[in-house]
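# A structural walkthrough
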Amino acid sequence: MNVRDSEHMIAELNAKEPYELTQKLDDADLIIINTCSVREKPVSKLFSEIGVFKKHKKPNAKIGVTGCTASHLGKDIIKRAPAVDFVLGARNISKITKVIEEKHAVEVDIDNDDSNYDFSEYRSNPFKSMVNISMGCDKSCTFCIVPATRGDEVSIPSDLLVTEITKAVNTGAKEVMLLGQNVNNYGKSFSTQDENTNFTALLQKISKIEGLERIRFTSPHPLHMDDAFLEEFASNPKICKQIHVPLQSGSTSLLKSMRRGYSKEWFLNRCEKIRTLCPEATISTDIIVGFPGESDEDFSDTMDVLDKVRFEQLFSFKYSPRPHTPAQDFENQIPNDVAGARLTKLQARHTEILDEVMNAQMGAEHHVYFDELKANGKVSGRSDDGKLFYVEGSEELLGKILKVKVTEVSRGALNGIVCA
Ligand code: SF4
């Protein structure tokens, strides 16, 4: 979502201001640091980065801090780092052309409504498009700062989405990635109109766009994975067979304390349903280890889910206490060394699973959408189920979906040859 927010800011600055992108720091008249605050580390990195930019920038170049850390620290960023010219929260991206004009502007209103805002267009990849379908989050997971930085959930009207995706398709994108904190809660609330719709209906509507060949989305919430949604996922040929199902913990009691709204059994049931309806689908997940109160038994439940589902991709982290969240005040915080040991064990087991999954790919054939030319004479793309592929080739492969046979496997990517 931050990448898409960056694209929106670039688009607005390109269209309404005399700015264009540069990769050279000493060329820049405006430096924007678009931040995350889900974990603590990127937040502490922010201030050291501001120091580096301040030292090396052109004398009159402006520095802006945007995104979730901007939302939660607000004017304190300028107090701590007066070199910063403006602070723009994640929910206020449409105001980028306004804040660059005002010295020390701070716009961090989490109730700001951009759901009907007509952003100018910019895509970092001409062959793919990212589209926000909702903003904010209506959940209150006890570890998560996002509702405090991105505000309550509001869906973007489906007609606007169809118009935006159609425009992207007409300018070369065959694939769209639908974005939201909880995409499959789409349609629960709109700010300006009532639409009787949901995510499954949205997928059906978007599928009708001529020329659009692939639909991806992230992230769905396990709680809202009803049968109708999973059946649409499995049967709609335009929907890529890759699904993110964020677990967080395999322990039902910990999930309760995290306020995730589902149990271990429900999670396993949903994954089993995906595997049954769509055996070719890959499932990825997020796991937090060392959440306050996590016992050895709770952690064993997480390991058990890992072994049962055999996620193809795992994003795993030690619990990081965040401001504005209840869990930071929970008793039984887990010592760092215990959380670290659990993370190592979890990742080691996942590596074994991943090796087995990837080794089984030798000789397999996939349809790959090529979208990036690499410096080493290779072209990269993704299979329908999300695997990263490299083949020898040139720009003539770009924008094409071709059958590729796997000739070499590694954990992160597959090398292959285009089938005749
Ligand atoms: S669903 Fe939970 S983890 Fe996801 S953004 Fe909302 S509060 Fe955060």
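Report on the accompanying structure. (Residues numbered from 1 in each chain as written. Predicted model: local features only at pLDDT ≥ 70, side-chain atom pairs only at ≥ 80, totals over all residues. Heavy atoms only, no water.)

### A few points about the overall build of the protein
Which entries qualify depends on this criterion: In this text, helices come from DSSP runs of H or I with a minimum length of four residues, and strands from runs of E with a minimum of two, each type numbered from the N-terminal end. Only C-alpha atoms enter the radius of gyration; for comparison, a globular chain is expected to reach 2.2 Å times N to the power 0.38, where N is the number of residues. Note on classification: 1.4 Å probe, protein chains only; a residue is buried when its accessible area is under 20% of the maximum for its type, exposed when over 50%, partly exposed between these limits. Pairs of residues are marked as contacts when any of their non-hydrogen atoms sit within 4.5 Å.
Counting its regular elements, the protein contains 13 helices and 17 strands. Computed over the C-alpha atoms, the radius of gyration of the protein is 22 Å, within 12% of the 22 Å expected from 2.2 N^0.38 for a compact globule of 420 residues. Based on the C-alpha atoms only, the size of the protein along its principal axes is roughly 60 × 55 × 50 Å. Split into buried and exposed, the 420 residues of the protein put 51% on the buried side. Here the analysis covers contacts within the protein between residues at least 6 apart in sequence; of these, 69% occur between residues at least 24 apart.

### Structural notes on the environment of Arg382
Summarising the element assignment, Arg382 is placed in strand E14 (residues 378–383). For Arg382, a relative accessible area of 35% gives the class partly exposed. Separated by 16 residues in the primary sequence, Arg382 and His366 place their C-alpha atoms 9.1 Å from one another. Setting aside residues no more than four positions away along its own chain, Arg382 makes contact with Arg214, Arg216, His367, Val368, Tyr369, Lys387 and Leu388.

### Considerations on the packing of helix H7 (residues 158–170) against helix H8 (residues 199–207)
Here is the rule: All axes here are fitted lines through C-alpha atoms, helices being fitted over the stretch that makes contact, and every angle between N-to-C directions spans 0 to 180 degrees. Working rule for handedness: look at the near helix, and if it is turned counterclockwise from the far one by less than a right angle, call the crossing left-handed; if clockwise, right-handed. Each residue gets one of three labels, nonpolar for Ala, Val, Leu, Ile, Met, Phe, Trp, Tyr, Cys and Pro, charged for Asp, Glu, Lys and Arg, and polar for the others, Gly among them.
The geometry of H7 relative to H8 is characterised by a closest axis approach of 10 Å and an angle of 35° between their N-to-C directions. Between H7 and H8 lies a crossing of right-handed hand. Along its contact with H7, which presents Ser158, Asp159, Leu161, Val162 and Ile165, the element H8 presents Leu202, Lys205 and Ile206. When the residues that make up the contact of H7 with H8 are grouped by side-chain class, the tally is 5 nonpolar, 1 polar and 2 charged.

### Considering the site of the ligand
To keep things clear, this is the line we draw: Being near a molecule or strand, for a residue, means having at least one of its heavy atoms within 4 Å of it.
Neighbouring residues of the ligand: Cys137, Lys139, Cys141, Phe143, Cys144, Val146, Pro147, Gln181, Asn182, His221 and Arg260. Tallied by class, residues from the shell around the ligand come to 6 nonpolar, 3 polar and 2 charged.

### Considering the side chain of Arg260
Selection rule: When charges are counted, Lys and Arg are positive and Asp and Glu negative, with His and the chain ends excluded. What makes a salt bridge here is a side-chain nitrogen of Lys or Arg within 4 Å of a carboxyl oxygen of Asp or Glu, nothing more.
By the secondary structure assignment, Arg260 is in the loop between helix H10 (252–258) and helix H11 (264–277). Comment: no salt bridge for buried Arg260; closest opposite-charge side chain is Asp286, at 6.7 Å. If we skip the residues at most four places from it in the chain, Arg260 touches Cys141, Phe143, His221, Pro222, Leu223, Pro246, Gln248 and Leu255.

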